[in-house]
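Letter by letter, the chains look like this.
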Amino acid sequence: MLELVPQLLFTGLGIGAIYALVALGFVLLIRAANVVNFAQGEFSMLGAYMMVVLLSILGLPYFVAIPLAVVGMAAFGILFAGATYWPLRHRGQLPVIISTIGASIFLSNIVLATYGPSPEVLPGLFDSPGLEIGGVFMDSQYLAIIVITALLVLLQFLIFEKTLLGKKLQATSQDKEMASLLGIPVAVMVLITFGYSAALGGIAGVLVAPILFVSVGMGALISLKAFAANIIGGFGNIPGAILGGLALGVVETFGAAFISVPYKDAIAFALLLLFLLIRPQGLFGEKISEKA
Amino acid sequence: MPLLEIADLRARYGAADVLKGLSLTVAEGEIVALLGSNGAGKSTTLRSISGLVPNLSGSLVFDGRSLIGLKPEAIVRLGIAHVPEGRRVFPGLTVRENILLGGSNRRGVPRRQLERETDDMFNFFPDLRRLEHALGWTLSGGQLQMVAVARGMMAKPRMLLLDEPSLGLAPLIVQQVFRIIASIRELGTTVLLVEQNAHMALSVADRGYVLETGSLLVSGKPDELWSNPEVRAAYLGGLAGGTGATAEAERAQP
Amino acid sequence: MSSTAEAAAAPATLSVPSARAWRGLPSLALAIVAVLVASSFAPTSGYILNMVMQAATYAIGVAGLVVVLGYCGQISLAQAAFFGLGAYGVGIGATDYGLPFLVALLIGVGVATGFGIALGLASLRLGGHYLAMVTISFQQIVTLVLTNWIGLTHGPDGIKSIPRPSFPGLHLDRGDHYLALCLVVLMVVTWYAWRLKTSRLGRAMQAVRDNEIAASTCGIDVFRTKVLAFGISALLGGLGGGLFAGAFAYISPDQFAFGESIVLLTMALLGGVQSPFGALLGTTLLVLLPEWLRFLKNIYLAVYGAAVILIMVFLPDGLWGLVTNRLRRATPIEGTVPPLPLLSQRASASGEPALEIAGLAKHFGGLKALDGVDLTVRRGAVHALIGPNGSGKTTFINVATGLYRPTAGRIRLAGQDLTAAAPHERTRRGLARTFQNIRVFRGMTVLENVMIGAERPGNDIAEQPAAVVGRALAALDFVGLRGDANRLVGTLSYGHQRYVEIARALAGNPHVLLLDEPAAGLNMTEKGELGALLRRLKGHGLTILIVDHDMNLVEQVADHITVLNFGRRIADGSPRDVLSDPDVIAAYLGEPRENALA
């Protein structure tokens, strides 16, 4: 069994990278708009179906379809904000949570009605199956997921830390009123965050599709993993979401190998409950401040 | 023509009238102090000017343009920078980034120029230079106030709104803050200052207004206000020569 | 503002919430008779019967959501899991183990309630979105266990041939008779949930929903209240599920999955989560909706999802809320309530310490908001705590009432050490407070707000519903708001909301009353009224610690003044001494000391 460990680690990091991407989008919305988006996984589902349309139906080449899908998802994210967040933004958190749940039901069933329950297949990024290094078989798709996730995280870091836009986004998430007093267009910043978050989710969906198949149910599953990643890493914490996602992927893969396959998903929830009950601030959570 | 002209301004928060027909003017180049006790409507006046109070009526004219109904983003672009109560320095950004973002209202100014002006700001606030890369949440109250003022100045405002700059600061730091306020005027910026600390405020101001529960009580030059018994009473209650006699008389009653 | 004497002379009429235990029982009996008659016309089997049966059992579960979400404001996305636990309790117990239906139902309901309480325990540390995720995780784990623990649950195939209860002569195996049983249970549950809203526990739940901090300072154990809400909600979920299993004789895991939790939630929200009648309405509509939306075919669920968003945007209070909001008036009130003496703990100024605080410190990171403050409030005295903005006054009150833990120091009330006590325990011992930024329970009426104060544990009349109303009315009389008793508190002016807060504190008959800047935001007239009110309180011998900026007010009422600046006590003594202290004048004016007396 022990010789399986490096292989499982690789697979776990690949799956974890997907969770990390979705969790990242999820956390950005919490920080920028205080929105806990229960339809985050639906972004991945839609991204994957968008690829199905672009690739299989329109017959576009892969590397044209991907940027189109990303842009399409970003536009969708802004639309999503307009429907589920904007009208409710002054009414507190609960109404927005429920409306994103409604959006998740709406989106998955619209897609279900259009494409039916049978899963669609998306080809992988590469034709070659993969390569073997030191006894670990590296599936090309998993490799692609890990590399692209790393690049996206780097890109986000550069945007947030090096550009003025990134600073404005950060300022908006830290204190909206003050940001508006400085002339930062807060509404635009929030919409950009929604667009970016949806694009990240979409990319995750496109990347994971060749592994999981493209199905309506993938959204709900991915949503829940993103929540778990976010709690494990620390609620609203950006590095925490990435590490939480990776950790979750690894734990889940090991759990499936050593404990039980049917309860693989239960492991994620059990881990989530454990963290919520024992360490709700997560691995990297900030201390919840006292406030009267 | 005054730079800012407020006439019969009314503001509501929920069921409460916070401003009840306030009128005041600020001329270009002046420092004007708004004084009054807690809840008199001083901060609300500044927030109304900046577009943060939704239900306004009356007139609010800056440089010939009405500000009523404009968003905060639009108002700061007209040249009014607001340094709010509590400083509101972004806790997760560095001092440099905070100051840099103060220039967000100036569209089309390239980043390189904003960075250069941020450097100039460190000349104006030399104490901040060594804190350039410190995150907002690590600063002390006095440092936060410096950053907030520097950030406000980065907007190149024609008028700076300062809300309670001395709040919670030790006396020495308060004096330092007020030296800075005086030097801001030297740069030609008009200042509308809200203060609890009447003494410090009137020491730098050209004129002052004293508010009480949302309307104007009295206005005038610092020495006029300082010697006005009504002002001292509004501010100090029993402190100004009062005694506890009333309270003792009350105790005798059932 | 009317004085106590005037108000006592005027006979008051008021609808008295929860004073009568049998309230609504006649209507309940009538409804049950009507249901029994109506169900005798029901078909004994078939589609319509099934639909009504589904609506009835679901509605019982949805009533649980009214309690936990509507009354207590805690989101639960696991109601289908509780429903499923009840159903599987009946299914497994009555089928595999051959237990009598009722016993199996009790087990199912018990298991559901147990898990509900466990989830409620999670709310100790978590609120809002965290709790939502805990409940989702729980929901998913229940679904996974139901699907995969094949030995116990029969797995995805589900359980077939679940029997119905048998009582001699009732023929519950007949569809129409069983339906009658479900409807009777539904009526009782609806009546209970309706009664709960105006009971002491229900008011506590709503107080927790509207403002947790104010609830805790009114003596409500917030944690216990949430746990009870979750427990009751899960119990009703389990009960509905158990009856559901008997109704359809077949259950499978997918009937109790996450999606169904959302369906139940939507039923509650559509109808109006504030009222069990709204829940009933919502459930009925959504069970019928598939019929009406049949033409939509496979996009039915998508329309459903869109409907959820539209309900949130356009019907924040649900359909029932829409109706009752329109009808809501300050209803004329019946019944006469004898006025009660407001303050039974009248104490003369005996000079013994009522509240003793020694060496109190509170540091936030490096900031010393309080730095070793001593303060003693003597029984029967009005003690003022003053100081410039940011001097630590509000922090002081928050530490004294237990909202903040002190970094150092001791707090004693009437000789008992309270330093480590939770806020509601301090209130139970007789500490009451108001807030600088008003914290009233916005979803409730003026009277209900004040009743919560009167019901504080430890109050002499807390256990007597009629006396609670009487005391609350007396408190409202005292502040002159009796005429507004049945108005929603949010419709009052700012100044009057402040009086509601004061009345709420007074109704609890406190040993010591802490007023945190009661004059803030009041206009001149209101300040004058407040001064008069405080002088009357003082006349009654109430011990008061008042924090305020308004020196005129402080001068009018204070026997003793303590001054804070930068978290330290800079003066303490009689008003005459303190108000002429040069340090105090300097602190207030910001003047250098030598100029202060110029």
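Remember, predicted model here, so these are calculated numbers, not experimental data. (Residues numbered from 1 in each chain as written. Chains lettered and ligands numbered in written order. Predicted model: local features only at pLDDT ≥ 70, side-chain atom pairs only at ≥ 80, totals over all residues. Heavy atoms only, no water.)

(A) Geometry of the layout of surface pockets. Residue and element names in this part refer to chain C. By volume, the second largest pocket amounts to about 1200 Å³. For the second largest pocket, the lining is made up of 39 residues, of which Ala 257, Phe 258, Gly 259, Glu 260 and Ile 262 are closest to its centre. Counted by class, the lining of the second largest pocket contains 26 nonpolar, 9 polar and 4 charged residues. (1 Å grid on protein atoms, 1.4 Å probe; cavity = no way out; pocket = protein on both sides within 12 Å on 5 of 7 lines; lining within 4 Å. Points joined across faces, edges and corners; volume = space filled by probe spheres on them. Nonpolar A, V, L, I, M, F, W, Y, C, P; charged D, E, K, R; others polar.)

(B) Highlighting the sheet that holds strand β9 (residues 560–565) of chain C. Residue and element names in this part refer to chain C. Taken together, 6 strands build an open sheet; the order of strands is β6-β7-β8-β3-β9-β10 and the sheet is mixed. Of all the strands in the sheet, just β6 (431–433) and β10 (568–573) have a single pairing partner and so form its edges. If you compare each strand with its neighbour and ignore which way they point, the axes differ by 20° on average. The pairing of β6 with strand β7 (residues 512–516) spans 3 bridges and is classified as parallel. Pairing of Leu 431 across the sheet is with Val 512, part of β7. Against the sheet, helix α20 (residues 494–507) contacts β6 and β7, and its axis sits at roughly 165° relative to β7. (Pairing = 2+ DSSP bridges. Helix = DSSP H or I, 4+ residues; strand = E, 2+ residues; numbered from the N terminus. Axes fitted to C-alpha atoms, helices over the stretch in contact; angles between N-to-C directions. Contact = heavy atoms within 4.5 Å.)

(C) Seen up close, the environment of A:Glu252. Turning to its location among the elements, A:Glu252 is positioned in helix α10 (residues 238–258). Non-local contacts of A:Glu252, meaning those with residues more than four positions away in its chain, are made with A:Ile15, A:Tyr19, A:Lys225, A:Lys264 and A:Ala268.

(D) Up close: the confidence of the model for chain C. Residues and elements named next belong to chain C. Chain-level pLDDT for chain C is 84 on average; 88% of the residues reach the 70-or-more range. Considering only residues more than four positions removed or in separate chains, one finds that residues 332–336, a stretch of pLDDT under 50, has 11 contacts. Ignoring residues within four places in sequence, the model shows residues 593–598, a span with pLDDT below 50, making 11 contacts including any to other chains. This complex was scored by the predictor with a pTM of 0.79 and an ipTM of 0.89. (pLDDT = per-residue confidence, 0-100.)

(E) Structural view of the domain arrangement of chain C. Residues and elements named next belong to chain C. As assigned here, chain C comprises domain 1 (1–18 + 437–510), domain 2 (42–259) and domain 3 (351–430 + 513–598). Contacts between domain 1 and domain 2 engage 17 residues on the former and 15 residues on the latter. Buried surface at the junction of domain 1 and domain 2, summed over both partners, amounts to about 1400 Å²; 55% is from carbon and sulfur atoms. It is Arg 439, Phe 441 and Glu 455 in domain 1 that bury the most area against domain 2; as a group they hold 36% of the surface buried on that side. (Domains from an automatic or database assignment. Buried area = accessible area lost by both parts, 1.4 Å probe.)

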